[in-house]
Amino acid sequence: MKPTPDIAPTVRPVEPDITTPGVPPGTPQPVPVTPAPVTPVPVAPPPVTPITPVTPAPGTPVPGVPRVRETPPPGGTPGAEGAPGAGEGTAANVRELGVTDVPRMRSDIHCLTIVGQVEGHIILPAQNKTTKYEHIIPQIVAVEENPDIKGLLVVLNTVGGDVEAGLAIAELLSSMSKPSVSLVLGGGHSIGVPIAVSTSYSFIAETATMTIHPIRLTGLVIGVPQTYEYLDKMQDRVVKFVVSNSKITEEKFRELMFRTGELARDIGTILVGRDAVNVGLIDEVGGISEAVAKVRQMASEREGVGLRH
Amino acid sequence: MILYTVMPVEEVMQQEGKRQILEVRVKGRIIQVEPVSPTEGRVLRVISTDPQDFLDPGIQPGSLVSLWGGGP
């Protein structure tokens with residue numbers, strides 16, 4: 001089984017390995033003398049009677065025997081397969097592309113969508129649309145690891161969610177070495193704010209909103225005085241992260257967080273599109289084309305300075 | 001757990017009818033499905049960062065996939 005997100009290279013064996021069955025180990029087989037595995041190793045048909053081994057000229061496919069992926073001949077040159085330099089090209093294609101599977105287009109920019117509630121250590125009731133960190137975290141790791149992926153686009157439309165899970169995702173995104181660009185569509189509220197600012201560059205759609213408000217007591221925490229200190233500490237973590245990952249000042253962010261009169265049920269501020277840019281939270285107003293162009297630009301700049309992946 | 005969200009907590013936490021959501025792996029991708037029978041599920045969401053995965057007609061949200069053996 002492949003690891004979660006399916007970003008493994010395009011090695012997709014779709015056929016069972018047909019080289020070994022039917023060929024007993026003792027079968028005389030033509031052993032190529034040269035290690036250049038450009039041609040598929042011909043497979044002798046199952047011997048009915050001991051006959052002279054079929055020795056076709058190199059490069060000639062054996063009639064009736066399907067072209068197969070390269071297999072090292074028994075007792076052949078160990079290490080020839082996968083050895084850099086030797087026999088790359090055709091053999092690599094045969095090996096990489098398999099036989100019948102046409103490789104589908106693969107994107108070198110991947111897209112992480114953070115929608116609904118960011119779910120933490122407790123599974124939320126099923127009517128919630130949730131983004132689970134056990135999905136997101138391995139995906140970020142895979143994007144960081146896979147050399148075929150040049151950058152990451154993070155699309156947010158979230159109402160917030162678990163502080164720990166949100167901060168975990170934000171920290172992972174901000175510590176990625178590959179370029180990442182976030183795009184806030186619809187809403188990037190509460191814990192969506194640190195996630196939106198965690199990427200290398202951030203966009204917000206003209207109509208998207210971001211709500212900045214204090215972390216409240218949700219009823220799941222017992223109301224003892226220590227709780228308030230705990231909430232304060234959690235809030236400080238969010239504030240510090242946002243301030244250090246965007247251009248907004250701590251004073252400004254706290255002022256927005258505790259502003260009265262804008263929200264009916266709560267204190268806080270709703271920033272619409274350009275407002276988020278004006279306070280320094282988000283870098284630019286834009287949409288998908290700007291966001292993708294930015295990832296591509298950052299990815300090519302990064303390759304330009306000779307950094308690996 | 002501390003929820004930092006604009007949604008009222010009563011709304012987040014209310015339990016309405018049991019809805020079962022399964023995660024299955026179809027063609028190497030993780031897909032959330034809602035079972036419609038013991039063998040089939042309706043695709044709710046594809047969980048992947050590869051945008052091309054979302055173009056696969058066999059796993060479009062709303063389509064049915066087999067819960068056993070990887071689907072169509």
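Not measured: the values here are computed from a predicted model.

Draft legend 1. Inspection of the overall build of chain A at higher detail. Looking only at helices and strands, one finds eight helices and eight strands in chain A. Looking at chain A as a whole, 43% of its 309 residues qualify as buried.

Draft legend 2. Structural detail: the overall build of chain B. In terms of helices and strands, chain B carries one helix and five strands. Start at the N end of chain B and walk to the C end: the helices and strands fall as β-α-β-β-β-β. Here chain B, with 72 residues, has 38% of them falling under the buried criterion. Residue pairs in contact within chain B that sit at least 24 positions apart in sequence constitute 32% of those at least 6 positions apart.

Draft legend 3. Looking closely at the sheet that holds strand β3 (residues 29-35) of chain B. Residues and elements named next belong to chain B. Read across the sheet, four strands follow the order β2-β3-β4-β5 without closing on themselves; strand pairing throughout is antiparallel. A strand with exactly one partner marks an edge of an open sheet, and here the two such strands are β2 (22-26) and β5 (64-66). The mean angle between the axes of side-by-side strands here comes to 55°, regardless of whether they run parallel or antiparallel. Bridge count between β3 and strand β4 (residues 40-47): six bridges; the pairing is antiparallel. Across the sheet, residue Glu34 finds its bridge partner in β4, namely Arg42.

Draft legend 4. The confidence of the model for chain B, seen in detail. Residue and element names in this part refer to chain B. The predicted model of chain B has a mean per-residue pLDDT of 83, with 94% of residues at 70 or higher. Taken element by element, the predicted model of chain B shows its lowest mean pLDDT in helix α1 (residues 9-13) (82) and its highest in β4 (90). Scored as a complex, the prediction yields pTM 0.68 and ipTM 0.83.

Draft legend 5. Molecular detail of the interface of chain A and chain B. Every contact between the two is made by 51 residues of chain A and, on the other side, 31 residues of chain B. Taking both sides of the interface into account, the surface hidden between chain A and chain B amounts to around 3,500 Å²; carbon and sulfur atoms contribute 56%. Inspection of the chain A/chain B interface yields zero salt bridges. Linking chain A to chain B there are 15 residue pairs in polar contact (both at pLDDT 80 or more). The leading source of residues in the side of chain A that touches chain B is strand β1 (residues 109-119) of chain A, at six residues. Grouping the amino acids of the side of chain A that touches chain B by side-chain chemistry returns 26 nonpolar, 16 polar and nine charged. Bridge analysis of strand β3 (residues 151-162) of chain A against strand β1 (residues 3-5) of chain B gives three bridges, and the strand direction is antiparallel. Bridge pairing in β1(B) places Gly160(A) opposite Thr5(B).

Draft legend 6. Geometry of helix α6 (residues 250-257) of chain A. Those residues of α6(A) not exposed but buried are Phe253(A), Leu256(A) and Met257(A). What you see down the axis of α6(A) is that its buried residues fit within an arc of 100°, all on one side.

Draft legend 7. Structural detail: the layout of surface pockets. The calculated volume of the largest pocket comes to roughly 750 Å³. Around the largest pocket, the lining comprises 32 residues; the ones closest to its centre are Lys129(A), Thr130(A), Gln32(B), Arg45(B) and Ile47(B). Those elements that provide at least two residues to the lining of the largest pocket are β1, β2 (130-132) and α2 (133-145) of chain A together with β2 and β4 of chain B. Looking at side-chain class alone, the lining of the largest pocket contains 16 nonpolar, 10 polar and six charged residues.

Draft legend 8. The arrangement of the confidence of the model for chain A in detail. Residue and element names in this part refer to chain A. Overall, the predicted model of chain A reaches an average pLDDT of 74, with 61% of residues at or above 70. Within chain A, helix α1 (residues 90-97) has the poorest average pLDDT of any element, 49, and strand β5 (residues 201-204) the best, 96. pLDDT under 50 marks residues 97-102. Its contacts with residues more than four places away, or in other chains, come to nine contacts.

Draft legend 9. Inspection of the pairing of β4(B) at higher detail. Residues and elements named next belong to chain B. Hairpin geometry of β3 and β4 is characterised by an intervening segment of four residues between the two adjacent antiparallel strands. Looking at chain direction, β4 and β5 are connected through three bridges and run antiparallel. Within β5, the residue paired with Arg42 across the bridge is Leu64.

Draft legend 10. Examining unusual backbone geometry more closely. Positive phi values are uncommon outside glycine, yet Ser190(A) reaches one of about 50°. Secondary-structure assignment places Ser190(A) in the loop between β4 (180-188) and α4 (192-197). The backbone of Lys27(B) sits at a positive phi, close to 50°, despite the residue not being glycine. Tracing the sequence through the fold places Lys27(B) in the loop between β2 and β3.

Thresholds applied
Residues numbered from 1 in each chain as written. Chains lettered and ligands numbered in written order. Predicted model: local features only at pLDDT ≥ 70, side-chain atom pairs only at ≥ 80, totals over all residues. Heavy atoms only, no water. Helix = DSSP H or I, 4+ residues; strand = E, 2+ residues; numbered from the N terminus. Buried < 20%, exposed > 50% of the residue type's maximum accessible area, 1.4 Å probe, protein only. Contact = heavy atoms within 4.5 Å. Pairing = 2+ DSSP bridges. Axes fitted to C-alpha atoms, helices over the stretch in contact; angles between N-to-C directions. pLDDT = per-residue confidence, 0-100. Buried area = accessible area lost by both parts, 1.4 Å probe. Salt bridge = Lys/Arg side-chain N within 4 Å of Asp/Glu carboxyl O. Polar contact = N/O pair within 3.5 Å; in protein donor to acceptor, adjacent residues only side chain to side chain. Nonpolar A, V, L, I, M, F, W, Y, C, P; charged D, E, K, R; others polar. Arc of directions from axis to C-beta. 1 Å grid on protein atoms, 1.4 Å probe; cavity = no way out; pocket = protein on both sides within 12 Å on 5 of 7 lines; lining within 4 Å. Points joined across faces, edges and corners; volume = space filled by probe spheres on them.

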